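Summary of the model geometry
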Amino acid sequence: MLAHRMPVPKRVMRDSCLTGQVFPQSRRRRSHARAKIPAVTVSAAVDLSVEVGALRLSNPVIAASGTFGYGVEFAHLLDLNRLGGIVVKGLSLEPMAGAAAPRLCETPSGMLNAVGLQNIGVRAFVAEKLPALRAYRTHVIANVFGYSVEEYVGVIRILEEAEGLAGYELNISCPNTAHGGLQFGSDPQMVSEVVGAARRAARRPLWVKLSPNVTDIALIARAAENAGADALTVANTYQAMSVDIQTRKSRIGRVTGGLSGPAIKPITIRLVYEASRAVKIPIVGLGGVETPEDVMEYLIVGARAVQVGTANFARPDACQRLVEALEIACGKCKINDISSLTASLQVDCS
Ligand SMILES: Cc1cc2nc3c(=O)[nH]c(=O)nc-3n(C[C@H](O)[C@H](O)[C@H](O)COP(=O)(O)O)c2cc1C
(Lines give C-alpha, C1' and ligand atoms only; values in the text may rest on other atoms or scores of the structure.)
Protein backbone atom coordinates (compact mmCIF):
# COMPACT_ATOMS: atom_id res chain seq x y z
CA MET A 1 0.00 0.00 0.00
CA LEU A 2 2.78 2.39 0.88
CA ALA A 3 5.04 1.49 -2.02
CA HIS A 4 3.15 3.42 -4.68
CA ARG A 5 3.68 6.67 -2.77
CA MET A 6 7.46 6.49 -2.84
CA PRO A 7 9.49 9.26 -4.48
CA VAL A 8 10.56 8.57 -8.04
CA PRO A 9 11.89 11.10 -10.52
CA LYS A 10 8.76 10.58 -12.70
CA ARG A 11 6.56 11.87 -9.93
CA VAL A 12 8.90 14.79 -9.40
CA MET A 13 8.33 15.79 -13.01
CA ARG A 14 4.60 16.07 -12.37
CA ASP A 15 4.75 18.12 -9.21
CA SER A 16 3.48 21.67 -8.90
CA CYS A 17 6.74 23.54 -8.41
CA LEU A 18 8.00 21.96 -11.60
CA THR A 19 5.10 23.18 -13.64
CA GLY A 20 5.57 26.87 -13.11
CA GLN A 21 4.77 27.58 -9.45
CA VAL A 22 8.01 28.71 -7.86
CA PHE A 23 8.63 29.12 -4.14
CA PRO A 24 8.72 32.81 -3.11
CA GLN A 25 12.32 32.62 -1.84
CA SER A 26 13.62 31.25 -5.08
CA ARG A 27 12.10 33.86 -7.39
CA ARG A 28 14.98 36.22 -6.78
CA ARG A 29 17.49 33.58 -7.87
CA ARG A 30 15.71 32.53 -11.00
CA SER A 31 17.22 34.80 -13.64
CA HIS A 32 20.64 34.53 -11.99
CA ALA A 33 20.52 30.74 -12.17
CA ARG A 34 19.38 30.84 -15.78
CA ALA A 35 22.13 33.19 -16.83
CA LYS A 36 24.98 31.29 -15.20
CA ILE A 37 24.11 27.59 -15.28
CA PRO A 38 23.80 25.53 -18.45
CA ALA A 39 20.55 23.49 -18.46
CA VAL A 40 22.23 20.08 -18.17
CA THR A 41 24.07 20.97 -14.96
CA VAL A 42 21.12 22.39 -13.04
CA SER A 43 21.22 19.71 -10.33
CA ALA A 44 25.00 20.05 -9.89
CA ALA A 45 24.43 23.65 -8.79
CA VAL A 46 22.10 22.70 -5.94
CA ASP A 47 23.61 22.99 -2.49
CA LEU A 48 21.75 20.43 -0.36
CA SER A 49 23.93 20.87 2.72
CA VAL A 50 22.30 22.06 5.94
CA GLU A 51 23.43 22.93 9.43
CA VAL A 52 21.71 21.57 12.51
CA GLY A 53 23.49 23.42 15.28
CA ALA A 54 27.13 22.40 15.23
CA LEU A 55 26.51 19.57 12.77
CA ARG A 56 26.87 20.17 9.06
CA LEU A 57 24.97 17.55 7.05
CA SER A 58 25.62 16.88 3.35
CA ASN A 59 21.85 16.97 2.80
CA PRO A 60 18.70 17.31 4.96
CA VAL A 61 17.58 13.64 4.75
CA ILE A 62 18.18 11.59 7.90
CA ALA A 63 17.01 8.02 8.55
CA ALA A 64 14.70 7.98 11.60
CA SER A 65 15.18 5.94 14.75
CA GLY A 66 13.55 2.52 14.93
CA THR A 67 12.96 2.33 11.18
CA PHE A 68 16.54 1.84 9.98
CA GLY A 69 17.98 -0.68 12.45
CA TYR A 70 21.48 0.28 13.55
CA GLY A 71 22.22 1.51 10.02
CA VAL A 72 24.73 -1.22 9.15
CA GLU A 73 21.97 -3.72 8.30
CA PHE A 74 21.00 -1.44 5.38
CA ALA A 75 24.53 -1.01 4.01
CA HIS A 76 24.05 -3.61 1.25
CA LEU A 77 20.77 -2.00 0.14
CA LEU A 78 21.83 1.63 -0.33
CA ASP A 79 24.87 3.88 -0.06
CA LEU A 80 24.89 5.05 3.56
CA ASN A 81 27.30 7.85 2.61
CA ARG A 82 24.53 9.47 0.52
CA LEU A 83 22.40 10.15 3.60
CA GLY A 84 22.51 13.35 5.62
CA GLY A 85 22.52 11.26 8.78
CA ILE A 86 21.38 8.09 10.48
CA VAL A 87 19.59 7.93 13.82
CA VAL A 88 19.99 4.41 15.18
CA LYS A 89 17.34 2.36 16.97
CA GLY A 90 16.63 3.53 20.53
CA LEU A 91 19.28 2.35 23.00
CA SER A 92 18.63 1.44 26.63
CA LEU A 93 21.02 0.58 29.45
CA GLU A 94 20.13 -3.13 29.28
CA PRO A 95 18.91 -5.16 26.27
CA MET A 96 15.13 -5.20 25.83
CA ALA A 97 13.04 -8.00 24.29
CA GLY A 98 10.22 -5.69 23.17
CA ALA A 99 6.46 -6.15 22.88
CA ALA A 100 4.35 -9.18 21.99
CA ALA A 101 3.46 -9.79 18.31
CA PRO A 102 1.90 -8.50 16.16
CA ARG A 103 3.96 -5.34 16.41
CA LEU A 104 2.96 -3.60 13.20
CA CYS A 105 -0.23 -3.15 11.23
CA GLU A 106 -1.21 -1.02 8.27
CA THR A 107 -4.06 1.48 8.35
CA PRO A 108 -5.44 3.26 5.26
CA SER A 109 -2.86 6.07 5.35
CA GLY A 110 -0.26 5.09 7.89
CA MET A 111 1.27 2.41 10.03
CA LEU A 112 0.56 1.47 13.63
CA ASN A 113 3.42 0.05 15.70
CA ALA A 114 4.09 -1.17 19.19
CA VAL A 115 7.59 -2.61 19.01
CA GLY A 116 8.23 -1.96 22.68
CA LEU A 117 11.66 -0.40 22.06
CA GLN A 118 13.34 -3.77 21.51
CA ASN A 119 17.10 -3.27 21.31
CA ILE A 120 20.42 -4.98 21.98
CA GLY A 121 21.41 -2.56 24.76
CA VAL A 122 23.97 0.22 24.66
CA ARG A 123 27.03 -1.93 25.45
CA ALA A 124 26.34 -4.39 22.62
CA PHE A 125 25.72 -1.45 20.28
CA VAL A 126 29.15 0.00 21.09
CA ALA A 127 30.88 -3.38 20.76
CA GLU A 128 29.06 -4.87 17.77
CA LYS A 129 27.53 -2.10 15.61
CA LEU A 130 29.53 1.09 16.08
CA PRO A 131 32.84 -0.27 14.71
CA ALA A 132 31.20 -0.98 11.33
CA LEU A 133 29.40 2.39 11.32
CA ARG A 134 32.72 4.21 11.73
CA ALA A 135 33.62 3.22 8.17
CA TYR A 136 31.01 5.71 6.86
CA ARG A 137 31.30 9.48 6.76
CA THR A 138 27.56 9.98 7.37
CA HIS A 139 26.77 11.43 10.78
CA VAL A 140 25.49 8.78 13.20
CA ILE A 141 23.19 9.92 15.99
CA ALA A 142 22.46 7.60 18.92
CA ASN A 143 18.83 7.59 20.02
CA VAL A 144 18.72 7.21 23.80
CA PHE A 145 15.88 6.30 26.15
CA GLY A 146 15.27 5.17 29.71
CA TYR A 147 12.59 4.79 32.35
CA SER A 148 14.31 7.11 34.83
CA VAL A 149 16.63 10.10 34.57
CA GLU A 150 19.47 7.88 35.83
CA GLU A 151 18.93 5.39 33.00
CA TYR A 152 19.14 8.12 30.34
CA VAL A 153 22.35 9.41 31.91
CA GLY A 154 23.75 5.87 32.21
CA VAL A 155 23.31 5.25 28.47
CA ILE A 156 24.95 8.57 27.56
CA ARG A 157 27.92 7.93 29.87
CA ILE A 158 28.67 4.65 28.09
CA LEU A 159 28.33 6.30 24.65
CA GLU A 160 30.60 9.16 25.72
CA GLU A 161 33.46 6.64 25.99
CA ALA A 162 32.97 5.52 22.39
CA GLU A 163 34.26 7.05 19.15
CA GLY A 164 32.23 7.51 15.99
CA LEU A 165 29.06 9.28 17.08
CA ALA A 166 28.00 12.75 15.94
CA GLY A 167 25.48 13.31 18.71
CA TYR A 168 22.55 12.05 20.73
CA GLU A 169 18.81 12.14 20.26
CA LEU A 170 16.84 11.81 23.49
CA ASN A 171 13.54 9.99 23.04
CA ILE A 172 11.39 11.52 25.78
CA SER A 173 8.19 9.68 24.80
CA CYS A 174 8.92 7.12 27.55
CA PRO A 175 7.11 6.55 30.83
CA ASN A 176 8.93 7.80 33.92
CA THR A 177 8.50 4.94 36.38
CA ALA A 178 9.34 7.22 39.33
CA HIS A 179 6.33 9.39 38.40
CA GLY A 180 3.63 6.76 38.02
CA GLY A 181 4.43 6.08 34.37
CA LEU A 182 3.70 9.61 33.12
CA GLN A 183 5.62 10.25 29.87
CA PHE A 184 8.74 12.40 30.35
CA GLY A 185 7.78 14.39 27.27
CA SER A 186 4.33 15.38 28.47
CA ASP A 187 5.41 17.53 31.41
CA PRO A 188 7.72 20.60 31.17
CA GLN A 189 9.23 19.95 34.61
CA MET A 190 10.17 16.36 33.75
CA VAL A 191 11.49 17.51 30.36
CA SER A 192 13.68 19.99 32.18
CA GLU A 193 15.03 17.35 34.55
CA VAL A 194 15.86 14.70 31.98
CA VAL A 195 17.29 17.12 29.38
CA GLY A 196 19.30 18.98 32.03
CA ALA A 197 20.82 15.74 33.34
CA ALA A 198 21.59 14.51 29.81
CA ARG A 199 23.15 17.89 28.96
CA ARG A 200 25.52 17.65 31.93
CA ALA A 201 26.54 14.11 30.91
CA ALA A 202 26.98 14.77 27.17
CA ARG A 203 29.90 16.45 25.40
CA ARG A 204 28.31 15.86 22.02
CA PRO A 205 25.35 17.71 20.44
CA LEU A 206 22.09 16.83 22.15
CA TRP A 207 18.86 16.63 20.16
CA VAL A 208 15.59 16.13 22.02
CA LYS A 209 12.82 14.22 20.25
CA LEU A 210 9.46 15.58 21.36
CA SER A 211 6.24 13.66 21.79
CA PRO A 212 3.38 14.97 19.64
CA ASN A 213 0.88 13.78 22.27
CA VAL A 214 0.88 17.05 24.18
CA THR A 215 -1.49 20.00 24.50
CA ASP A 216 1.08 22.74 23.90
CA ILE A 217 4.24 21.82 21.97
CA ALA A 218 5.68 25.33 22.45
CA LEU A 219 5.77 24.86 26.23
CA ILE A 220 7.63 21.55 25.94
CA ALA A 221 9.96 22.90 23.24
CA ARG A 222 10.97 25.84 25.43
CA ALA A 223 11.56 23.56 28.44
CA ALA A 224 13.94 21.44 26.36
CA GLU A 225 15.74 24.49 24.96
CA ASN A 226 16.15 26.07 28.39
CA ALA A 227 17.54 22.80 29.79
CA GLY A 228 20.30 22.77 27.18
CA ALA A 229 19.03 20.99 24.06
CA ASP A 230 21.00 21.84 20.91
CA ALA A 231 18.14 20.89 18.58
CA LEU A 232 14.63 19.46 18.65
CA THR A 233 13.27 16.55 16.65
CA VAL A 234 9.54 17.05 16.04
CA ALA A 235 7.99 14.54 16.47
CA ASN A 236 7.44 10.94 17.53
CA THR A 237 4.35 8.83 16.71
CA TYR A 238 0.73 9.57 17.72
CA GLN A 239 -1.02 7.29 20.18
CA ALA A 240 -3.57 5.34 18.20
CA MET A 241 -5.48 2.07 17.89
CA SER A 242 -6.95 -0.22 15.22
CA VAL A 243 -9.44 -3.07 15.75
CA ASP A 244 -10.22 -6.20 13.74
CA ILE A 245 -14.03 -6.28 13.78
CA GLN A 246 -14.15 -10.05 13.13
CA THR A 247 -12.07 -11.02 16.16
CA ARG A 248 -12.88 -7.79 18.05
CA LYS A 249 -9.22 -7.68 19.01
CA SER A 250 -6.69 -4.95 18.57
CA ARG A 251 -4.59 -5.43 15.44
CA ILE A 252 -1.43 -5.07 17.54
CA GLY A 253 -0.31 -7.06 20.58
CA ARG A 254 0.01 -4.09 22.94
CA VAL A 255 -3.57 -2.99 22.12
CA THR A 256 -2.55 0.66 21.56
CA GLY A 257 0.43 1.85 19.54
CA GLY A 258 1.96 4.74 17.64
CA LEU A 259 0.68 5.99 14.27
CA SER A 260 3.22 7.06 11.65
CA GLY A 261 3.36 7.68 7.90
CA PRO A 262 1.48 10.00 5.49
CA ALA A 263 -1.53 10.35 7.82
CA ILE A 264 0.46 12.27 10.42
CA LYS A 265 2.28 14.71 8.15
CA PRO A 266 -0.18 17.64 8.24
CA ILE A 267 -0.48 17.37 12.03
CA THR A 268 3.27 17.30 12.53
CA ILE A 269 3.81 20.13 10.04
CA ARG A 270 1.67 22.25 12.38
CA LEU A 271 3.77 21.14 15.38
CA VAL A 272 7.02 22.03 13.62
CA TYR A 273 5.59 25.43 12.73
CA GLU A 274 4.55 26.11 16.33
CA ALA A 275 7.77 24.77 17.86
CA SER A 276 9.95 26.77 15.46
CA ARG A 277 8.22 29.97 16.55
CA ALA A 278 8.77 29.12 20.22
CA VAL A 279 12.53 28.39 20.22
CA LYS A 280 15.80 29.58 18.67
CA ILE A 281 17.46 26.16 18.40
CA PRO A 282 17.16 24.23 15.11
CA ILE A 283 14.32 21.82 14.43
CA VAL A 284 14.41 18.52 12.61
CA GLY A 285 10.95 17.59 11.28
CA LEU A 286 9.62 14.07 10.87
CA GLY A 287 6.31 12.48 10.17
CA GLY A 288 5.19 11.07 6.85
CA VAL A 289 8.12 12.30 4.76
CA GLU A 290 8.26 10.50 1.41
CA THR A 291 8.73 13.01 -1.41
CA PRO A 292 10.92 16.07 -2.14
CA GLU A 293 7.82 18.21 -1.68
CA ASP A 294 7.35 16.79 1.82
CA VAL A 295 10.92 17.81 2.66
CA MET A 296 10.36 21.31 1.29
CA GLU A 297 7.13 21.69 3.24
CA TYR A 298 8.87 20.84 6.52
CA LEU A 299 11.68 23.26 5.75
CA ILE A 300 9.33 26.08 4.82
CA VAL A 301 7.50 25.86 8.18
CA GLY A 302 10.79 26.05 10.06
CA ALA A 303 12.74 22.76 9.98
CA ARG A 304 16.46 22.65 9.07
CA ALA A 305 16.38 18.97 8.15
CA VAL A 306 13.96 16.03 8.13
CA GLN A 307 13.94 12.40 9.14
CA VAL A 308 12.35 9.55 7.21
CA GLY A 309 10.74 6.67 9.12
CA THR A 310 7.84 4.61 7.78
CA ALA A 311 8.91 5.12 4.15
CA ASN A 312 11.90 2.84 4.88
CA PHE A 313 9.47 -0.05 5.38
CA ALA A 314 8.06 0.37 1.89
CA ARG A 315 11.53 0.69 0.31
CA PRO A 316 14.74 0.19 2.26
CA ASP A 317 16.52 2.60 -0.12
CA ALA A 318 13.84 5.31 0.40
CA CYS A 319 16.28 7.80 1.95
CA GLN A 320 18.82 7.61 -0.86
CA ARG A 321 16.11 7.85 -3.51
CA LEU A 322 14.72 10.86 -1.69
CA VAL A 323 18.11 12.64 -1.67
CA GLU A 324 18.41 12.04 -5.42
CA ALA A 325 14.84 13.16 -6.12
CA LEU A 326 15.32 16.22 -3.90
CA GLU A 327 18.35 17.32 -5.87
CA ILE A 328 16.40 17.05 -9.12
CA ALA A 329 13.35 18.83 -7.66
CA CYS A 330 15.45 21.71 -6.32
CA GLY A 331 17.20 22.06 -9.66
CA LYS A 332 13.86 22.20 -11.47
CA CYS A 333 12.52 24.76 -8.98
CA LYS A 334 15.71 26.86 -9.21
CA ILE A 335 16.41 26.42 -5.53
CA ASN A 336 20.20 26.67 -5.43
CA ASP A 337 20.56 26.45 -1.66
CA ILE A 338 18.09 24.22 0.13
CA SER A 339 18.67 25.87 3.50
CA SER A 340 17.16 29.08 2.05
CA LEU A 341 13.77 27.37 2.34
CA THR A 342 13.93 27.15 6.14
CA ALA A 343 11.28 29.33 7.81
CA SER A 344 10.32 30.94 4.50
CA LEU A 345 6.58 30.51 5.09
CA GLN A 346 4.54 33.43 3.78
CA VAL A 347 1.77 34.31 6.21
CA ASP A 348 -0.84 36.82 5.10
CA CYS A 349 -2.58 37.07 8.46
CA SER A 350 -1.47 36.11 11.97
C1 LIG B 1 8.53 0.47 13.87
C2 LIG B 1 8.91 1.79 14.45
C3 LIG B 1 9.84 1.82 15.49
C4 LIG B 1 10.22 3.05 16.06
N5 LIG B 1 11.16 3.08 17.05
C6 LIG B 1 11.57 4.28 17.56
C7 LIG B 1 12.61 4.34 18.54
O8 LIG B 1 13.21 3.32 18.94
N9 LIG B 1 12.93 5.56 19.05
C10 LIG B 1 12.32 6.71 18.61
O11 LIG B 1 12.66 7.80 19.10
N12 LIG B 1 11.36 6.68 17.65
C13 LIG B 1 10.97 5.49 17.13
N14 LIG B 1 10.01 5.46 16.14
C15 LIG B 1 9.39 6.73 15.67
C16 LIG B 1 10.02 7.20 14.35
O17 LIG B 1 11.39 7.48 14.51
C18 LIG B 1 9.29 8.45 13.83
O19 LIG B 1 9.34 9.45 14.84
C20 LIG B 1 7.84 8.19 13.47
O21 LIG B 1 7.68 6.94 12.86
C22 LIG B 1 7.24 9.29 12.57
O23 LIG B 1 7.92 9.37 11.35
P24 LIG B 1 7.39 8.63 10.00
O25 LIG B 1 5.98 9.06 9.79
O26 LIG B 1 8.33 9.08 8.92
O27 LIG B 1 7.48 7.17 10.26
C28 LIG B 1 9.62 4.25 15.58
C29 LIG B 1 8.70 4.20 14.53
C30 LIG B 1 8.34 3.00 13.96
C31 LIG B 1 7.35 2.98 12.82
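Only a predicted model underlies this, so the values are computations on that prediction, with no experimental measurement involved. (Residues numbered from 1 in each chain as written. Predicted model: local features only at pLDDT ≥ 70, side-chain atom pairs only at ≥ 80, totals over all residues.)

Observations concerning the nonpolar core
Here is the rule: A set of buried residues drawn from Ala, Val, Leu, Ile, Met, Phe, Trp, Tyr and Cys, joined through C-beta atoms within 7 Å, is what defines a nonpolar core. The burial criterion counts other C-beta atoms lying within 10 Å of a residue's C-beta, which is placed from the backbone; the residue is buried at 20 or more, exposed at 12 or fewer, and partly exposed between these limits. Counting from the N terminus, the helices are DSSP H or I runs at least four residues long and the strands are E runs at least two residues long. Throughout, a residue-residue contact means that the two C-beta atoms, derived from backbone geometry, are no farther apart than 7 Å.
Counting residues in hydrophobic clusters, the biggest one holds 101 residues, and the most contacted among them are L232 and V306. Of the residues forming this core, the biggest block, 8 residues, is contributed by helix α10 (residues 318-332). Those residues within four positions of V306 in sequence are excluded, and the remaining contacts are P60, V61, I62, V284, G285, L286, V289, V295 and Y298.

Some points on the sheet that holds strand β13 (residues 238-240)
Going by this rule: Following DSSP output, two strands are said to pair if at least two bridges run between them. The axes are straight lines fitted to the C-alpha atoms, using for helices just the contacting stretch, and the angles between their N-to-C directions are given from 0 to 180°.
Strand order in the open sheet formed by 4 strands is β5-β6-β16-β13, and the pairing between neighbours is antiparallel. Across the chains shown, the open sheet's two edge strands, defined by having one partner strand only, are β5 (104-107) and β13. Across this sheet, the average inter-strand angle for adjacent strands is 35°, counted without regard to direction. Pairing analysis gives 3 bridges linking β13 to strand β16 (residues 257-260), with the strands arranged antiparallel. Across the sheet, residue Q239 finds its bridge partner in β16, namely G258.

Concerning the site of the ligand
Quick note on the threshold: Near residues are defined by distance alone, with the backbone-placed C-beta atom required to lie within 6 Å of the molecule or strand. Gly counts as polar in this scheme, as do all residues outside two lists: the nonpolar Ala, Val, Leu, Ile, Met, Phe, Trp, Tyr, Cys and Pro, and the charged Asp, Glu, Lys and Arg.
Near the ligand there are 25 residues, and of these G66, G90, S260, G309 and T310 occur at the shortest range. Class assignment for the residues of the shell around the ligand results in 8 nonpolar, 15 polar and 2 charged.

Digging into the pairing of strand β7 (residues 139-144)
Rules: When the strands point away from the viewer, a crossover counts as right-handed if the path from the first strand over the helix to the second runs clockwise.
Taking burial as the measure, the 6 residues of β7 include 6 buried ones, the bulk of the element. Where burial is concerned, the two faces of β7 agree: the one with H139, I141 and N143 and the one with V140, A142 and V144 are both buried. The sheet contact formed by strand β4 (residues 85-87) and β7 spans 3 bridges and is parallel. Across the sheet, the residue bridging to V87 is I141, located in β7. In terms of strand pairing, β7 meets strand β8 (residues 167-171) through 4 bridges, oriented parallel. Within the sheet, the bridge partner assigned to N143 lies in β8 and is E169. Between the parallel pair β7 and β8, the chain is carried across by helix α4 (residues 149-160), and the sense of this crossover is right-handed.

Quick look at unusual backbone geometry
Note the cis peptide between A101 and P102, where omega equals -10°. Among the secondary structure elements, P102 is positioned in the loop between β4 and β5. With an omega dihedral of 10°, the bond running from V234 to A235 counts as a cis peptide bond. By the secondary structure assignment, A235 is in the loop between β12 (231-234) and β13. A positive phi angle, close to 55°, is found at L117, a residue other than glycine. Summarising the element assignment, L117 is placed in the loop between β6 (110-113) and α3 (122-133). Located in the positive-phi region is K334, a residue other than glycine, with phi close to 60°. By secondary structure assignment, the location of K334 is in the segment after α10.

Remarks on the environment of S276
Of note, S276 is situated in helix α7 (residues 265-278). S276 sits 27 residues away from A303 along the chain, and the two C-alpha atoms are 7.3 Å apart.

Some words on the environment of G110
Tracing the sequence through the fold places G110 in strand β6. C-alpha separation for the pair G110 and A263, spaced 153 residues apart in sequence, amounts to 5.4 Å. Residues in contact with G110, not counting those within four places in the same chain, are L259, S260, G261, P262, A263, I264 and T310.

Comments concerning the pairing of β6
When a strand is regular, its side chains alternate between the sheet's two faces. Taking every second residue as pointing to the same face, both faces of β6 are buried, with G110 and L112 on one and M111 and N113 on the other. Bridge count for β5 against β6 is 4 bridges, and the pairing is antiparallel. Of the residues in β6, the one forming a bridge with E106 is M111. Sheet topology places β6 next to β16; 3 bridges connect them, and they run antiparallel. Counted as the bridge partner of L112 is L259 from β16.

Quick look at the sheet that holds β4
Reading around the barrel, the 8 strands line up as β3-β4-β7-β8-β11-β12-β17-β18 and close back on themselves, with parallel pairing between neighbours. Neighbour-to-neighbour, the strand axes of this sheet turn through a mean angle of 25°, independent of strand direction. The strands touched by α4 are β7 and β8; relative to β7, the strand with the most contacts, the crossing angle is about 150°.

Here we look at the confidence of the model for the protein
Detailed reading of the predicted model is not advised wherever pLDDT is low. The test is simple: Per-residue confidence from the prediction method is given by pLDDT, with values spanning 0 to 100.
Of the residues in the protein, 87% have a pLDDT of 70 or more, and the chain-wide mean is 89. Counting interchain partners and residues more than four positions distant, the pLDDT-below-50 stretch residues 1-16 has 33 contacts.

Topic: α7
How we decide: Under the convention used throughout, the expected extent of a helix is 1.5 Å for every residue step, that is, one less than its residue count.
Helix length check: α7 (14 residues) gives 20 Å between terminal C-alpha atoms against 20 Å at 1.5 Å per residue, within 8%. Taken together, the buried positions of α7 are K265, T268, I269, L271, V272, Y273, A275 and S276.

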